[in-house]
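Inside the fold
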Amino acid sequence: MARPRVLSGIQPTADSFHLGNYLGAVRQWVTMQETHDAFYCVVDLHAITVPTEPDALRRRSRVAAAQLFAAGLDPERSTVFVQSHVREHTELAWVLICLTGMGEAGRMTQFKDKSAKFGESAASVGLFTYPILQAADILLYQADRVPVGADQKQHLELTRDLGQRFNHRFGDTFRLPEPYILKEVEKITDLQDPTAKMSKSSSSPAGILDVLEQPGPLRKKVMRAVTDTGSEVLFDEENKPGISNLLRIQSALTGTPIPELVARYEGQGYGTFKKDVAEAVAETFTPIRERTEKLLADEKELDRMLAVGAGRASAVAKETMAQVRDKVGFLPTL
Ligand code: TRP
């Protein structure tokens, strides 16, 4: 039996991934390459749905790819590539855009949130069609599973709807993917505002732990994380969101269940606990940062690795797109 295929994407919108990206996406991707035929994509086409400076985009695309390899994605086993290298993403997106209702696209809550930030009329049409491009990313590879955060559920439902609609209208073409959402990583929150998600776009620098940050600043941020009144290390999301967040982080990084951590720190206060969390974060990120720096120091080699990924991805994408072109009624190119 062939391994189930998995596809996911991550945006190159920052100079480093943060802890939320790492636990919520990257680390799961690494695990999944053991059991899946894995395709992982740096989604630069998605990045330009908001104004983006070209040099920053180039830098961030390489930094994103380097971090993926550094975190453990094996270019032999996983197909790691840059979305814009495979032209079929935009081509399929166009076909799917033509199958999407205006009202249907208008219901996407992430668009509403993001466009509210710019002001409705300043948001690009690209931002509006963002979820349809994402559907193309997924359907192109006939993915069985899509590991994403809970905030992406609606986009996956749209993906299934569009795939199904195409299949219904033009004949069976696309596999309909299942979301693959891991529970414990749904909620890595801002260290300074533990009721809000840790996020590049909304958290302050003090609220974010960056993978490529030096151990000193990382430790400082954990030690300064907002904690709650009282002094006991207890998991209580409502009354102790700060400590609960740190418990989730510590548990995810060390593999120790939360109740065991709570028992371990009984009677010890926040200080000792925070020191250990800081240590776990620094220990996890340091080797990844060092490997990332090495990969970035040899840009040619990194670009070559990405070209290999693009070649493998293209082979699959071309096959799907050939079927799509034919089924839609485009003339063959001779
Ligand atoms: N929208 C996703 C996010 O913000 C990124 C993404 C783009 C993606 N294309 C994808 C995720 C395809 C999974 C599959 O996290």
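The present account deals with the structure reproduced in this document. Nothing here was measured: the structure is a model prediction, and the numbers come from that model. (Residues numbered from 1 in each chain as written. Predicted model: local features only at pLDDT ≥ 70, side-chain atom pairs only at ≥ 80, totals over all residues. Heavy atoms only, no water.)

Focus: the overall build of the protein
- From N to C terminus, the protein includes 13 helices and five strands.
- Computed over C-alpha atoms, the radius of gyration of the protein comes to 21 Å, within 12% of the 20 Å expected from 2.2 N^0.38 for 334 residues, which places it in the range of a compact globule.
- For the protein, the spread of C-alpha atoms along the principal axes amounts to about 75 × 45 × 45 Å.
- Burial analysis of the protein (334 residues in total) assigns 51% to the buried set.
- A sequence separation of at least 24 residues applies to 75% of the contacts in the protein between residues at least 6 apart. (Helix = DSSP H or I, 4+ residues; strand = E, 2+ residues; numbered from the N terminus. Rg over C-alpha atoms; globule rule 2.2 N^0.38 Å. Buried < 20%, exposed > 50% of the residue type's maximum accessible area, 1.4 Å probe, protein only. Contact = heavy atoms within 4.5 Å.)

A look at unusual backbone geometry
- Look at Gln142: it is not a glycine, yet its phi comes out positive at around 55°.
- Structurally, Gln142 is set in the loop between helix H7 (125-140) and strand S4 (145-147).
- You can call Gln142 buried: its relative accessible area is 16%.

Brief notes about empty space enclosed by the protein
- Scanning all chains against the criterion turns up two cavities of 30 Å³ or more.
- Volume-wise, the largest cavity comes out at about 50 Å³.
- What lines the largest cavity is simply Gln110, Phe111, Lys114, Leu127, Tyr130, Pro131 and His155.
- Broken down by secondary-structure element, the contributors of at least two residues to the lining of the largest cavity are helix H6 (109-118) and H7.
- Computed from the structure, the second largest cavity encloses a volume of approximately 30 Å³.
- For the second largest cavity, the full set of lining residues is Phe17, Tyr22, Val26, Gln67, Ala71, Val211 and Ile288.
- The residue inventory of the lining of the second largest cavity, partitioned by class, reads six nonpolar, one polar and no charged. (1 Å grid on protein atoms, 1.4 Å probe; cavity = no way out; pocket = protein on both sides within 12 Å on 5 of 7 lines; lining within 4 Å. Points joined across faces, edges and corners; volume = space filled by probe spheres on them. Nonpolar A, V, L, I, M, F, W, Y, C, P; charged D, E, K, R; others polar.)

Things to note about the environment of Glu76
- Mapped onto the secondary structure, Glu76 falls in the loop between helix H3 (54-70) and strand S3 (79-82).
- A C-alpha to C-alpha distance of 24 Å links Glu76 and Pro177, two positions 101 residues apart in sequence.

A few points about the packing of H3 against helix H12 (residues 269-297)
- Relative orientation of the contacting elements H3 and H12 amounts to 125°, with a least axis distance of 8 Å. Taken as axis vectors, H3 and H12 run oblique relative to one another. In the packing of H3 onto H12, the handedness of the crossing is right-handed. Here Arg62, Val63, Ala66, Gln67, Phe69 and Ala70 of H3 come into contact with H12, specifically with Ile288, Arg291, Thr292, Leu295 and Leu296.
- Residue classes in the contact of H3 with H12 are distributed as seven nonpolar, two polar and two charged. (Axes fitted to C-alpha atoms, helices over the stretch in contact; angles between N-to-C directions. Parallel < 35°, antiparallel > 145°, perpendicular 65-115°, else oblique. Left-handed = near helix turned anticlockwise from the far one by under 90°.)

As for helix H1 (residues 19-32)
- Taking 1.5 Å as the rise per residue, H1 with 14 residues should run 20 Å; its terminal C-alpha atoms sit 18 Å apart, in good agreement.
- Maximum bend of H1: about 30°, positioned at Val26.
- Most of H1 sits out of view: eleven of its 14 residues are buried. (Expected span 1.5 Å × (residues − 1). Bend = angle between axes of the 7 residues up to and from the residue.)

Some points on the site of the ligand
- Near the ligand you find Leu7, Ser8, Gly9, Val43, His46, Tyr130, Gln134, Asp137, Ile138, Val146, Val148 and Gln152, and these make up its full shell.
- Within the side chain of Gln134, a nitrogen or oxygen atom sits 2.9 Å from a nitrogen atom of the ligand.
- The side chain of Gln152 places a nitrogen or oxygen atom 2.9 Å from a nitrogen atom of the ligand.
- About the coverage of the ligand: the protein hides 87% of its 360 Å² of free accessible area. (Near = heavy atom within 4 Å. Polar contact = N/O pair within 3.5 Å; in protein donor to acceptor, adjacent residues only side chain to side chain. Areas by Shrake-Rupley, 256 points an atom, 1.4 Å probe, with all protein chains shown as cover.)

A closer look at the packing of helix H4 (residues 88-97) against H7
- For the pair H4 and H7, interaxial distance at closest approach is 8 Å and the crossing angle is 120°. When the axes of H4 and H7 are compared, the pair comes out oblique. Every pair of crossing elements has a handedness; the one defined by H4 and H7 is right-handed. The segment H4 lies against H7, with Glu88, His89, Leu92, Ala93, Leu96 and Ile97 engaging Thr129, Ile132, Leu133, Ala135, Ala136, Asp137, Leu139 and Leu140.
- Split into classes, the residues belonging to the contact of H4 with H7 amount to ten nonpolar, two polar and two charged.

Observations regarding the layout of surface pockets
- Estimates place the volume of the second largest pocket at around 180 Å³.
- The set of elements that each furnish at least two residues to the lining of the second largest pocket consists of H3 and helix H13 (299-328).
- Broken down by element, the lining of the second largest pocket gets its largest block of residues, four residues, from H3.
- Considered class by class, the residues forming the lining of the second largest pocket number three nonpolar, three polar and four charged.

As for the nonpolar core
- In terms of nonpolar packing, the biggest core is built from 56 residues, with Leu19, Tyr22, Leu68, Leu209, Ile249 and Val281 touching the most fellow members.
- In terms of residue count, H12 provides more of this core than any other element does, nine residues in total.
- Excluding residues that lie within four positions of it along the chain, Leu19 makes contacts with Gly24, Ile188, Met198, Leu209, Ile249, Leu253 and Phe285.
- Leu127, Val146, Phe174 and Val324 belong to the second-largest nonpolar core, a separate cluster that totals 39 residues. (Core = buried A, V, L, I, M, F, W, Y, C linked by side-chain atoms within 4.5 Å.)

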